[in-house]
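Topology and contacts: notes
Given next are the chains, with one letter for each unit.
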Amino acid sequence: TIYRPINMERRDYNYYEANAATINMEKITSCEGNAKILHRLCADDPPRIIHLILGGETFSSNAFIFEGDDLGWLSYFIGKSECLLHLRINYLPGG
């Protein structure tokens, strides 16, 4: 059985495509550093991210995943990135 919170908003690819250009990165992340990571994933200008390590406070990472991070948006920007070559997930909340 997969646990899904009752209040989880379900969105599809079209939702992300329609809102990606205007989304406020600070409102969908738990910290300024993660907002910068999302911006760098979708930006055309350097420095681009080619290696992304997701982790919690106890892991060596360049992005820390906390309860305030919207994993749907993170997944969308990872999927849209044309530069990202490596993704390692050390930690996801509730997992």
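Let me sum up the structure you'll find in this document. These figures come from a predicted structure and were not determined experimentally. Counting restarts for each chain, with residues numbered from 1 along the sequence as it is written. Confidence filtering applies because this is a predicted model: local features only for residues at pLDDT of at least 70, side-chain atom pairs given and counted only at 80 or more, and all residues used for totals across whole chains, interfaces and linings. Remark: hydrogens and water are excluded; side-chain values derive from all non-hydrogen atoms of the structure.

The subject of this paragraph is the overall build of the protein. Every helix listed is a DSSP run of H or I at least four residues long, and every strand listed is a run of E at least two residues long, numbered separately from the N terminus. Regarding its fold elements, the protein presents three helices and three strands. Exposure is judged per residue with a 1.4 Å probe applied to protein chains only, and the accessible area is read against the type maximum: over 50% gives exposed, under 20% gives buried, and values in between give partly exposed. Residues counted as buried form 29% of the 95 residues belonging to the protein. Across the protein, contacts joining residues at least 24 apart in sequence account for 65% of those joining residues at least 6 apart. For the protein, the accessible surface area stands at approximately 6800 Å², while carbon and sulfur atoms represent 52% of it. Whether two residues are in contact is decided by their heavy atoms: any pair within 4.5 Å suffices. Computed with a 1.4 Å probe, the accessible areas rest on the Shrake-Rupley method; for each residue, only the protein chains presented here act as cover.

Strands sit in the order 2-1-3 across an open sheet of three strands; the sheet is parallel. In the strand order of this sheet, the two ends are held by strand 2 (63-64) and strand 3 (86-89), each with one partner. For two strands to pair, DSSP has to find at least two bridges joining them. Where strand 1 (residues 51-55) and strand 3 come together, four bridges link them in parallel fashion. The residue bridging Leu54 from the neighbouring strand is Ile89, located in strand 3.

Whenever a carboxyl oxygen of Asp or Glu lies within 4 Å of a side-chain nitrogen of Lys or Arg, that contact is scored as a salt bridge. Taken as a whole and judged by the stated rule, the model has three salt bridges. Here Asp70 makes a salt bridge to Arg11, at a shortest N to O gap of 2.9 Å. Remark: Arg11 occurs in the segment before helix 1 (13-19) and Asp70 occurs in the loop between strand 2 and helix 3 (71-80); sequence separation between them is 59 residues. On the accessibility criterion, Arg11 (24% relative accessible area) is partly exposed. The partner of Lys80 in a salt bridge is Glu17, with the nearest N and O atoms 3.2 Å apart. Remark: Glu17 occurs in helix 1 and Lys80 occurs in helix 3; sequence separation between them is 63 residues. A relative accessible area of 40% means that Lys80 is categorised as partly exposed. With a relative accessible area of 35%, Glu17 lands in the partly exposed category.

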